[in-house]
Amino acid sequence: MGFLNFFSKDKKENLDKGLSKTKENVFDKITRAVAGKSKVDEDVLDNLEEVLVTSDVGVETTLKVIQRIEDRIARDKYVNTNELTAILREEIASLLQDNQVEELEDFDIPAGKKPYVIMVVGVNGVGKTTTIGKLAYHFKKAGKKVYLGAADTFRAAAVEQLGIWSERVGVDIVKQKMGSDPASVAYDTLNSAVANHADVVIIDTAGRLHNKINLMNELTKIKNVMKKVVPDAPHEVLLVLDGSTGQNAYNQAKEFSKATEITALAITKLDGTAKGGVVIGISDQLQIPVKYIGIGEGLEDLQIFRKKEFVDSLFGN
Ligand SMILES: Nc1nc2c(ncn2[C@@H]2O[C@H](COP(=O)(O)OP(=O)(O)O)[C@@H](O)[C@H]2O)c(=O)[nH]1
Ligand SMILES: [Mg+2]
């Protein structure tokens, strides 16, 4: 039972389309890196290193990939430049598999956790609320009863925006006035969710990273209040990162990890950027699983991140 069975043609087309900008960028650069060469030699490897770094794969991960290719050349003696993308694809996929973080099978939740509580965090504008809308859609489609909590009470528009998603998807939302205590919203949401036998609760939060102490206190308070209703909540703290910011996404992940314990990542806006290589670096470097990727603004444009599919799509023909 391989994941390929679950990966429909539609989803593959969506992924290919979503990653097309990165893909073109990487291909263009690789084509230039091997121009006039038939054999993968030191020069080609130097150029390739630059291609990967400038595609936001990150220096450390790039060095690992180059090392793997060097080892391979040492083994195979002669490697044709025509084979370079295929080799890259194989080596990156196998590198990512070394990082033993689990991949989701589907939009599903672990058994025995009802409601399963997801707290969504991240800097303003990265795509938290949009990702919540898409998640709600997928969980609902999978037959789950979903509750949303509008705990980003900092801006009126934030509460409204989540309200629009809840209507669009057809799931319940718990909200209060703008400016009300986010922890109180989270508490109300969990209470309603429990009373109504919800399967999944997703809590939106405000992301004001410029004040780390406040952020930390606020997130801690929200978590503590949740535990009064569901003792082991939150089951998941999902950090949303904007993939189009490239290297800055790494820094945000590191900063947020200091403010609260992050258990999963969603990387958004990969459709609008040539910096999609960032997913490879993050997936290799951080010990936090990338669970979801955002490849557009529509409900279907959230996918479960699967390393091999991702690399195949990025370096495939
Ligand atoms: N192209 C694209 N846009 C996205 C994606 N995810 C979010 N956005 C857009 O990013 C903007 C900010 O999203 P929002 O959910 O409000 O971010 P929040 O402030 O973190 O809640 C909105 O215009 C979204 O439509 C994505 O995967 N692809
Ligand atoms: Mg928002």
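Anything mentioned here points back to the structure above.
Every chain is numbered independently, its residues counted from 1 as its sequence is written. Here every chain gets a letter starting at A, and every ligand a number starting at 1, in the order they are written. Restriction of local features to residues with pLDDT of at least 70 applies here, the model being predicted, together with a cutoff of 80 or more for giving and counting side-chain atom pairs; totals for whole chains, interfaces and linings are based on all residues. Side-chain metrics rest on all non-hydrogen atoms present in the structure, leaving aside hydrogens and water.

Caption draft 1: The arrangement of the sheet that holds strand β3 (residues 172–174) in detail. Following DSSP output, two strands are said to pair if at least two bridges run between them. Think of it this way: any DSSP run of H or I at least four residues long counts as a helix, any run of E at least two long counts as a strand, and we number them from the N terminus. Across the sheet, which stays open at both edges, the eight strands sit in the order β3-β2-β4-β1-β5-β6-β7-β8 with mixed pairing between neighbours. Both outer strands of the open sheet, β3 and β8 (302–304), are each paired with one neighbouring strand and no more. Across the sheet, the axes of successive neighbouring strands diverge by a mean angle of 25°, strand direction being ignored. Pairing analysis gives three bridges linking strand β2 (residues 146–151) to β3, with the strands arranged parallel. The partner of Y147 across the bridge, within β3, is D172. Sitting on the sheet, helix α7 (residues 156–169) is in contact with β2, β3 and β4 (200–205), with an inclination near 170° to β2. Lines fitted to C-alpha atoms define the axes here, with helix axes fitted over just the stretch in contact, and angles between the N-to-C directions of these axes take values from 0 to 180 degrees. Any two residues whose heavy atoms approach within 4.5 Å at even a single point are treated as in contact.

Caption draft 2: Geometry of a nonpolar patch on the surface. Taken together, V53, V59 and L63 make up a surface patch of nonpolar side chains, about 240 Å² in accessible area. For V59, the position within the fold is in helix α4 (residues 59–76). According to the relative accessible area criterion, V59 is exposed, its value standing at 51%. Residues enter patches when they are more than 30% accessible in relative terms and free of salt bridges; like-charged ones are connected within 9 Å and nonpolar ones (Val, Leu, Ile, Met, Phe, Trp, Tyr) within 5 Å. Note that accessible areas follow from Shrake-Rupley with a 1.4 Å probe, and for residues the cover is restricted to the protein chains shown. Salt bridge criterion: a side-chain nitrogen from Lys or Arg within 4 Å of a carboxyl oxygen from Asp or Glu. We call a residue buried when its accessible area falls under 20% of the maximum for its residue type, exposed when it is over 50%, and partly exposed in between, using a 1.4 Å probe and counting protein chains only.

Caption draft 3: The nonpolar core, seen in detail. The biggest cluster of nonpolar side chains holds 102 residues, and the ones touching the most others in it are F139, I202, I282 and Y292. With seven residues, helix α5 (residues 84–98) is the single largest residue contributor to this core. Not counting chain neighbours up to four residues away, the residues in contact with I202 comprise I118, V120, I132, L135, A136, F139, V146, Y147, L148 and G149. Among buried residues, the Ala, Val, Leu, Ile, Met, Phe, Trp, Tyr and Cys ones that are joined through side-chain atoms within 4.5 Å form a nonpolar core.

Caption draft 4: Expanded view of the pairing of strand β6 (residues 264–268). Across the five residues that make up β6, a large majority, five, are buried. You can see the chain leave strand β5 (residues 236–242), run along helix α10 (residues 247–259) and come back into β6, and the turn it takes is right-handed. The sheet contact formed by β6 and strand β7 (residues 290–294) spans three bridges and is parallel. Paired with A266 across the two strands is Y292, which belongs to β7. Crossover handedness is defined by viewing with both strands directed away from the observer: a clockwise path from the first strand over the helix to the second marks the crossover as right-handed. Chirality of the crossover, the property in question, places the unit of β6, helix α11 (residues 278–285) and β7 among those that are right-handed.

Caption draft 5: Spotlight on the packing of aromatic side chains. Each Phe, Tyr or Trp ring (for Trp, its six-membered ring) is paired with any other whose centre lies within 6.5 Å, and the angle between the two planes then decides the class: stacked below 30 degrees, edge-to-face above 60, tilted in between. Across all of its chains, the model carries three aromatic pairs by this definition. Ring centres 6.3 Å apart and planes at 90° place the aromatic pair F107 and F139 in the edge-to-face group. With F107 in the loop between α5 and β1 (116–121) and F139 in helix α6 (residues 128–141), this pair connects stretches of sequence that are 32 residues apart. Ring plane angle 10° and centroid distance 5.7 Å describe the contact between F107 and Y292, whose orientation is recorded as stacked.

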